[in-house]
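# Residue-level structural notes
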Amino acid sequence: MDYDEDDDYSGFNDYNAMLDTDELVQDENFQKAVLRTSHGRRPVTQAKVGFTAASGRLATAAKGRLAMPSSMGRTGGMAVQDGQARPMTAVRAAGFTSAGNRAGVGFDPFNQAGRGPAPPLEPKAEDSPEEKIRQLEKKVNELIEESCLANSRAEFQLALDKAKEAGRKERVLVRQREQLTKGDQINLDLTYSVLFNLANQYVANEMYHEAINTYQVIVKNRMFSNAGRLKVNMGNIYFKQRNFPKAVKFYRMALDQVPNTHKEMRTKIMQNIGITFVKMGQYSDAITSFEHIMSESPSFKTGFNLILCYFALGDREKMRDGFAKLLTVDLKIDDEDKYLSHGEDKQYNLVLEVIKNDSLRQIERERKYEAERCIKYAAKIISPAIESSFSDGYDWCIEMVKNSQYIDLAHDLEIDKAIMFLKQKNFQQAIETLKSFEKKDSKVASTAATNLSFLYFLEADYAQADKYAEIAMTADRYNPAALVNKGNVLYAKHDYEKAREFFKEALTNDSSCIEALYNLGLCNKRLSRLEEGIDCFYKLHAILRNSPQVMYQIADTYEQLEDTAQATEWFMQLIGVVSSDPSVLARMGELHDNEGDKSLAFQYYFDSYRHFPSNIPVIEWLGAYYIDSQFCEKAIHYFERASLVQPNQVKWHLMIASCYRRSGNYQKALETYKQIHRKFPDNVECLKFLVRLCTDLGMNEAQEFATKLKKAEKNKELREQRTTSAGRRGSGRARRESSAGSDLDREGSAGQQSRGSKKQRMRPKLDDNDRSPYTSQPQEIDTTYSDPLGPQAERPKTAARRKGPHEDDFGDEKLGEDLLPE
């Protein structure tokens, strides 16, 4: 069949012999050429090349083409696997075969269906050396942690025991590693932790020698990195032992170990060096350290210490420069305006409530307080030294503060200046300084007026005290100190009800105002509101646990409530605090005497007499006790003491003579009566006993003393008549005066009535013979104890200006004995 030349498929079946590749494998020239190429230099594949059984040729995917090796290192031709010809397909290679699915075999790319599950892991033997070492290391870490926790709870002995146990176990751990020839695997960090913790616990238990030895072990081991810094701790130990030269030595060695990049650490070490030089009195060397710190990293503590060194050397100009440099130290505190509330922005106000007292705010307050404290103390110290007078020096400091960033401290320094005048007993200058604040802003004016009211109250100028208390309350109605001073003025005027209201208002503004709480209790006692008064004193006792005044008031109030058991208990607690107070011991003797326990009463009265042998009521009780006990000779000693205290009281001399007479020593009694007659010639009782004794002894002087007795009795009758007539004329006036003062006396003596009646019963009764020398003229002595706690405790507590929780450091000194400590 002939094909046209225009046939589109002509020549399609023609074959070119040049394209036949079947014989290329056997062609040596071609194979050599291939070996010279990059393809020929490839590694030989592991797959075997298969030949067909029929022709012996390569099995190819396309006739006449050479199969290329796959990326997995296998040839593209068929290979025999599990009796099946493996085609070159990705699905088949992944394990997805139609035959496998039909056979019910799941996905098994690694052909592990016939092998079964993998065997379980073999557990490690618990008694293996490696496991024992691991457990022991864990136990050492736990002991270190327990030791640190015990130290934080102040259980120092327990912490030391745990640290020692950790050290023992760590040494066992090291030996076990060495036995297993694993010395190179020793945990140096664990060893360091054990030794460091042990040294710290030695220091906490004040075992300084052992601590030094432990630190030496760490420092001398060169395998511990940065161990040289521990020489700071060793220096601190020597500092505690007051071995200052060695402390400086170790501080300097530690300073050499710290690189210059750690500036904060170097600064702290230099601070220690400077303080140690101050302790040694080497102020020049201390100044060198402090000046270096102030040039590198200034702080208020360092600046204050530097000023102290200048002051010790008496260098005025350096003191001025140091104070000026102290005022340039930056507090590094943001603007205080961020804590001001925004009236319209509710979201901001909510955030402000959260950050107002958070940890960062507290740190800022502590920094600010430290700065104020250092500046005020520095001004107090250098002001007398930098100028000719204290006042001029303080004025210079105030002027420097006004020109600095701490301008708010200027008014506080002026208040401190007034208080320094008070310490120097220069009250007029103090008052003038405080009066200069009257036209200042309200806060400063309130502070100054409060202190002025306080001063005038101490001077008993109640009009001026009331005036400035009103000024202070007008400037700041919520000032508790001003309210306390106003209440004190009213208390001094016996207006207890109004005073009580002001004390309650002060407590409303400041529940921790101890002066207001104490004075409120006194007002309640004066108003016979004993239950309310004792509540106030109990609250105050919770704040001031060991205050003798508060405990005394509680005991005294219970006695007025006639609760003897509680009064006795509280007086016993008070004796535990002030064991040598004679008035408290006398009160205990009185309580036991009222209960009828004479032996205990004698013991307390005797202890009171031993500490204060001039208390007349105690002396009288002891003398009467010995008379009741028929030991008149011992009673003479106490009546002689009373006659020394009150030499013009005739009854003590008569009691001495009476004791001699009762003991049968008539001659000594007669001599004593004659001495009394020479000193008190008009005493009727003495003459009566002289007449009786002379008559009994048959002496001729009896008639002479009888004549003197008649004359003395006549003079006595004349005196009594004149007294009676004068009393009638003055009775009207006396009645008017008594009615005018009855209201005040009724309230003022309300707290003393019950106690007074008991004191009348406290003395042992003397029989008629003993009382005969002075019963014709009964002269009751004042049995009110001169009680140091009593009168002082009854006075209201005055209040001076307060500026903050730490004001007692340099602002609010205790002006007088009435101000309780904060």
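Cut-off values and rules
- Residues numbered from 1 in each chain as written.
- Predicted model: local features only at pLDDT ≥ 70, side-chain atom pairs only at ≥ 80, totals over all residues.
- Heavy atoms only, no water.
- Helix = DSSP H or I, 4+ residues; strand = E, 2+ residues; numbered from the N terminus.
- Contact = heavy atoms within 4.5 Å.
- Areas by Shrake-Rupley, 256 points an atom, 1.4 Å probe, with all protein chains shown as cover.
- Expected span 1.5 Å × (residues − 1).
- Buried < 20%, exposed > 50% of the residue type's maximum accessible area, 1.4 Å probe, protein only.
- pLDDT = per-residue confidence, 0-100.
- Axes fitted to C-alpha atoms, helices over the stretch in contact; angles between N-to-C directions.
- Parallel < 35°, antiparallel > 145°, perpendicular 65-115°, else oblique.
- Left-handed = near helix turned anticlockwise from the far one by under 90°.
- Core = buried A, V, L, I, M, F, W, Y, C linked by side-chain atoms within 4.5 Å.
- Salt bridge = Lys/Arg side-chain N within 4 Å of Asp/Glu carboxyl O.
- Polar contact = N/O pair within 3.5 Å; in protein donor to acceptor, adjacent residues only side chain to side chain.
- Phe/Tyr/Trp six-rings, centres within 6.5 Å; stacked < 30°, edge-to-face > 60°.
- Lys NZ or Arg CZ within 6 Å of the ring centre and 35° of its normal.
- Patch = residues over 30% accessible without salt bridge, like charges linked within 9 Å, V, L, I, M, F, W, Y side chains within 5 Å.
- Lys, Arg positive; Asp, Glu negative; His and termini not counted.
- Charge placed at Lys NZ, Arg CZ, Asp CG, Glu CD.
- Nonpolar A, V, L, I, M, F, W, Y, C, P; charged D, E, K, R; others polar.

### A short note on the overall build of the protein
Summing up its helical and strand segments, the protein has 38 helices and two strands in all. The contacts of the protein with a sequence gap of at least 6 include a subset with a gap of at least 24, amounting to 55%. For the protein, the computed accessible surface area is about 48000 Å², with 51% contributed by carbon and sulfur atoms.

### Focus on helix α5 (residues 156–179)
With 24 residues, α5 extends 35 Å from end C-alpha to end C-alpha; this agrees with the ideal 34 Å at 1.5 Å per step. Those residues of α5 not exposed but buried are Ala159, Leu160, Ala163, Ala166, Gly167, Glu170, Leu173, Val174 and Arg177. On its buried face, α5 is in contact with α4 (129–152) and α6 (188–204).

### Side note on the confidence of the model for the protein
Residues of the protein with pLDDT of at least 70 account for 72%, and the chain-wide mean is 77. Confidence drops under pLDDT 50 across residues 46–83; counting only partners more than four residues distant or on other chains, this segment forms 42 contacts. Throughout residues 801–822 the model reports pLDDT below 50, and contacts reaching past four residues in sequence, or to other chains, amount to 66 contacts.

### So, the environment of Ala163
Positionally, Ala163 belongs in helix α5. For the pair Ala163 and Leu198, spaced 35 residues apart in sequence, the C-alpha separation works out to 5.2 Å. Residues within four places of Ala163 in sequence aside, it is in contact with Ser147, Asn197, Leu198 and Gln201.

### Things to note about the packing of helix α8 (residues 231–240) against helix α10 (residues 263–280)
Helices that pack against each other are described as a pair by the angle of their axes relative to one another and the distance between those axes. Packing of α8 against α10 brings their axes to within 12 Å, and their N-to-C directions diverge by 20 degrees. Looking at the two axes, α8 sits roughly parallel to α10. Taken as a pair, α8 and α10 cross one another with a handedness that is left-handed. Counted together, Val232, Asn236 and Phe239 of α8 and Met265, Ile269, Asn272, Ile275, Thr276 and Lys279 of α10 form the full contact between these two elements.

### Looking at the nonpolar core
Counting residues in each nonpolar core, the largest one holds 127 residues, and the members touching the most others are Ile269, Phe300, Phe323, Ile375, Val401 and Phe571. Sorting elements by how many residues they give to this core places helix α17 (residues 409–423) first, with nine residues. When neighbours within four sequence positions are excluded, Phe323 is seen to be in contact with Ile307, Ile375, Ala378, Ala379, Ile382, Trp396, Cys397, Met400 and Val401. Listed in part, the 44 residues of the second largest apolar core include Ala601, Tyr625, Leu670 and Val684.

### Thoughts on the pattern of salt bridges
Taken as a whole, this structure holds 23 salt bridges when the rule is applied. The closest approach of N and O atoms between Glu505 and Arg477, which form a salt bridge, is 3.0 Å. Of this pair, Glu505 sits in helix α22 (residues 496–509) while Arg477 sits in the loop between α20 (462–475) and α21 (480–492), and the two are 28 residues apart along the sequence. Accessibility expressed as a relative area gives 24% for Glu505, which makes it partly exposed. Its salt-bridge partner being Arg587, residue Glu559 comes within 2.1 Å of it at the nearest N-O pair.

### Things to note about the side chain of Thr557
Checked against the element boundaries, Thr557 lands in helix α25 (residues 548–560). According to the relative accessible area criterion, Thr557 is buried, its value standing at 0%. In this structure the side chain of Thr557 is engaged in a polar contact, spanning 2.6 Å, whose partner is the backbone oxygen of Gln553. Beyond its immediate sequence surroundings of up to four residues, Thr557 is in contact with Lys525, Leu530, Ile534 and Phe537.

### Thoughts on the packing of aromatic side chains
Under the definition given, this model contains 24 aromatic pairs. Ring geometry for Phe323 versus Trp396: centroids 6.0 Å apart, planes at 50 degrees, classification tilted. With Phe323 in helix α13 (residues 316–326) and Trp396 in helix α16 (residues 390–402), this residue pair connects regions lying 73 residues apart in the sequence. Neither residue differs from the other here; Phe323 and Trp396 are each classed as buried. Residues Tyr538 and Tyr558 carry aromatic rings whose centres are separated by 6.4 Å and whose planes lie at 75 degrees to one another, so their mutual orientation is edge-to-face. Taken as a pair, Tyr538 in helix α24 (residues 530–543) and Tyr558 in helix α25 lie far apart in primary sequence, 20 residues in all. When its relative accessible area of 12% is taken as the criterion, Tyr558 is described as buried. Chaining the aromatic ring pairs together yields one cluster made of Phe602, Tyr605, Phe606, Tyr609, Trp621, Tyr625, Tyr626 and Tyr638. Geometry around Trp396 places Arg320 over its ring, the cationic atom sitting 5.0 Å from the centre. The side chain of Lys651 reaches across the aromatic face of Trp652, ending 4.8 Å from its centre.

### Some details on unusual backbone geometry
A positive phi angle is found at His494, which is not glycine, with a value near 65 degrees. Within the secondary structure, His494 is located in the loop between α21 and α22. Note on His494: relative accessible area 37%, which makes it partly exposed. Non-glycine residue Glu562 carries a positive phi angle of around 60 degrees. Tracing the chain through its elements places Glu562 in the loop between α25 and α26 (564–577). Judged by relative accessible area, Glu562 falls into the exposed class, the value being 59%.

### Notes on a positive patch on the surface
On the surface, a cluster of positive charge is contributed by Lys164, Arg168, Arg171 and Arg175. Position of Arg171 relative to the elements: it lies in helix α5.

### Describing the packing of α17 against helix α18 (residues 427–435)
It is the contact of α17 with α18, at a shortest axis distance of 7 Å, that shows an interaxial angle of 165 degrees. The orientation of α17 relative to α18 falls into the category roughly antiparallel. α17 and α18 meet at a crossing whose hand is left-handed. Counting all contacts with α17, which are made through Glu414, Ile415, Ala418, Phe421 and Leu422, the residues of α18 involved are Phe427, Gln429, Ala430, Thr433 and Leu434. Of the residues belonging to the contact of α17 with α18, the class tally is seven nonpolar, two polar and one charged.

### Considerations on helix α30 (residues 632–645)
For α30, which comprises 14 residues, the first-to-last C-alpha distance of 20 Å matches the rise-based estimate of 20 Å (1.5 Å per residue) to within 8%. Every buried residue belonging to α30 is among Cys632, Ala635, Ile636, Tyr638, Phe639, Ala642 and Ser643, and all of these are buried. For α30, the elements touching its buried residues are α28 (598–611), α29 (616–628) and α31 (650–662).

### Topic: the environment of Asp321
Counting through the fold element by element, Asp321 comes out in helix α13. Assessed through its relative accessible area of 48%, Asp321 is described here as partly exposed. With eleven residues separating them in the primary sequence, Asp321 and Tyr310 have C-alpha atoms 9.8 Å apart.

### Notes on the side chain of Thr568
With respect to the helices, strands and loops of the structure, Thr568 is situated in helix α26. Excluding anything up to four places from it in sequence, Thr568 contacts Met588, Leu591 and His592.

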